[in-house]
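In case you want the letters, here they are:
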Amino acid sequence: STLSSSSAASDVYKRQHYPLMHRKNINWQTVYDTYYPQITANTTDNQLFGIFQTIMGTIIKDGHSSLTFNNAQEAGFEPEFNENIENMIQNNIADKVNIVASSVNNPYISYGTLVSNPNIGYINSKNFEPVNENDSEFNNFKAIVDETLTALQNKDGIIIDIRTNGGGQGPFAYYLAGRFFANNTPIELIRQRIKTTTGSTTASLGNWATTEFEGYADARVEGGYVAGVFPEDNTITASGSFQYTNKIAVLTSRGTASAAEYFTGAMKTQNHVKTIGDTTFGIFAGSDIFTLTNGSGAWKTRVSTHDVEIMYNNTFQSFEGIGITPDEPSIPTAAQVNAGNDIHMEAAVNYIIN
């Protein structure tokens, strides 16, 4: 049946290209043997989608992997955002920061100074996803970052809030991080490898990539190639006309994801930076989107295609499915939230002034 063919094809993509089974202790053959027999010629699209929901939400649990049916239903995985942190962020920022009016509606960054201490700057890094897919958008982003740093360059310290930054593109995250690097020495921030054969263990993966690989040709993938690796993009260095090297507090949460986690790792290579808040989401892999069709509609599956380790505390480590734990873990109580406190901001101020 078309449904069974679609499911089998989806399994092939996961089995051939998904590189994170060993990170998540998944035996894909066991998953396949459990769920594939449930799919028959009489299985409806909604029933099939339900099976995928179970697999993606309870087994794969990867924010970079999902399955969409007819551009309407998506089986994926979202982080468990701490409710108190979410309420704390929503309720308090407007009262605690004098945001520069011209930056309020900026899609990337809003900035200002603390109400309680105007000598401390504040940057809300909202996301690293380009608003427009054109060559000039990166320059627009850099101009916004440069404006922000120029305005805050004489402050005693800066709080960078990425608690709701869901990621985007690496170069955007790297440019912002590079404005805070203490020297011009390039840092190899991440390393990548991809699957070269089927299987659920590290034996199915290739070596850590040292040369560029365009990817495996596949017309069903956006861009026409699967699992491309470009090691030259894995190195980060100082950016902009000057670097800010006073104390910096980076606020993180489960809402800090993907490129924002690369930003977190990049900032943690610097001695004047402290991270505060909750553990990040834990999604680092690059991904590709396959389009599959059957007689009743279109299925798209987004699949992580890279196993990534990030330089952290001077060694490469994987935080896939784990997230980066902050230097100062901090979860507010409901009473603190109701009292109007932002304990992450308070900890950041304490770090900067002491």
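Just so it is clear, the structure is predicted and the values come from calculations on it, not from any experiment.

K.L.:
What is the right way to read the packing of helix α6 (residues 137-152) against helix α7 (residues 170-178) from this model?
P.N.:
Two measures define how a pair of helices packs: the angle their axes make with one another and the distance between the axes. Where α6 meets α7, the axes come as close as 10 Å, and the angle between the chain directions of the two elements is 25°. The orientation of α6 relative to α7 falls into the category roughly parallel. As for the relative orientation of α6 and α7, their crossing is right-handed in sense. Contacts between α6 and α7 involve E137, F138, F141, K142, V145 and D146 from the first element and P171, F172, Y175 and L176 from the second. Across the contact of α6 with α7, the residue classes tally to seven nonpolar, no polar and three charged.

K.L.:
So what exactly am I meant to see when it comes to the sheet that holds strand β5 (residues 120-125) here?
P.N.:
As summarised here, the arrangement of the seven strands in space is β3-β4-β5-β6-β12-β13-β18, forming an open sheet in which the pairing is mixed. A strand with exactly one partner marks an edge of an open sheet, and here the two such strands are β3 (97-99) and β18 (328-329). Bridge count for strand β13 (residues 273-277) against β18 is two bridges, and the pairing is parallel. Opposite I276, over in β18, you have E328 as the bridge partner. Along the sheet, helix α8 (residues 259-267) contacts β6 (157-161), β12 (247-252) and β13; its crossing angle with β12, the most-contacted strand, is approximately 150°. Relative to β12, helix α10 (residues 343-353) is tilted by about 165°, and along the sheet it contacts β3, β4 (109-114), β5, β6, β12, β13 and β18.

K.L.:
Would you mind going over the nonpolar core with me for this structure?
P.N.:
The tendency in soluble globular proteins is for nonpolar side chains to be buried as a group. Ranked by internal contacts, the top residues of the largest apolar core, which has 42 residues, are I123, F128, I160, F180, F263 and M267. For this core, the elements supplying multiple residues, two or more each, are β4, α6, β6, α7, β12, α8 and β16 (307-312). Beyond its immediate chain neighbours, meaning those up to four positions away, M267 contacts I160, A177, F180, I248, V250 and V273. Ranked by size, the runner-up nonpolar core spans 28 residues in total, among them M56, V221, V226 and W299.

K.L.:
What exactly am I supposed to notice about a negative patch on the surface here?
P.N.:
A cluster of acidic side chains, namely E212, E214, E232 and D233, defines a negative patch on the protein surface. Inspection of the secondary structure assignment puts E212 in the loop between β8 (190-193) and β9 (216-217).

K.L.:
Sorry if this is basic, but what is going on with α8 here?
P.N.:
Within an α-helix, residues lying three or four positions from one another point in the same direction, as the helix has 3.6 residues per turn. Summarising burial for α8: nine of the nine residues are buried, a large majority. For α8, every residue scored as buried is listed here: A259, A260, E261, Y262, F263, T264, G265, A266 and M267.

K.L.:
Would you mind going over the confidence of the model for the protein chain with me for this structure?
P.N.:
One rule of thumb: low pLDDT means the predicted coordinates there are not for detailed reading. Across the protein chain, the average pLDDT comes to 91, with 94% of residues at 70 or higher. Predicted confidence is poor over residues 1-14, with pLDDT under 50, and the contacts of this stretch with residues over four places away or in other chains come to 39 contacts.

K.L.:
Before we go on, may I ask you to explain the pattern of salt bridges in this structure?
P.N.:
Any two side chains of opposite charge can pair, so long as their charged atoms come close to each other. For the structure shown, the criterion picks out 10 salt bridges. Of the charged contacts in the structure, one is a salt bridge between R163 and D342, with a shortest N-O distance of 3.1 Å. Placement of R163 in the loop between β6 and α7 and of D342 in the loop between α9 (334-338) and α10 is noted, with a sequence separation of 179 residues between them. Accessibility classification places R163 together with D342 in one group, the buried group.

About the criteria used
Residues numbered from 1 in each chain as written. Predicted model: local features only at pLDDT ≥ 70, side-chain atom pairs only at ≥ 80, totals over all residues. Heavy atoms only, no water. Axes fitted to C-alpha atoms, helices over the stretch in contact; angles between N-to-C directions. Helix = DSSP H or I, 4+ residues; strand = E, 2+ residues; numbered from the N terminus. Parallel < 35°, antiparallel > 145°, perpendicular 65-115°, else oblique. Left-handed = near helix turned anticlockwise from the far one by under 90°. Contact = heavy atoms within 4.5 Å. Nonpolar A, V, L, I, M, F, W, Y, C, P; charged D, E, K, R; others polar. Pairing = 2+ DSSP bridges. Core = buried A, V, L, I, M, F, W, Y, C linked by side-chain atoms within 4.5 Å. Buried < 20%, exposed > 50% of the residue type's maximum accessible area, 1.4 Å probe, protein only. Patch = residues over 30% accessible without salt bridge, like charges linked within 9 Å, V, L, I, M, F, W, Y side chains within 5 Å. Areas by Shrake-Rupley, 256 points an atom, 1.4 Å probe, with all protein chains shown as cover. Salt bridge = Lys/Arg side-chain N within 4 Å of Asp/Glu carboxyl O. Lys, Arg positive; Asp, Glu negative; His and termini not counted. Charge placed at Lys NZ, Arg CZ, Asp CG, Glu CD. pLDDT = per-residue confidence, 0-100.

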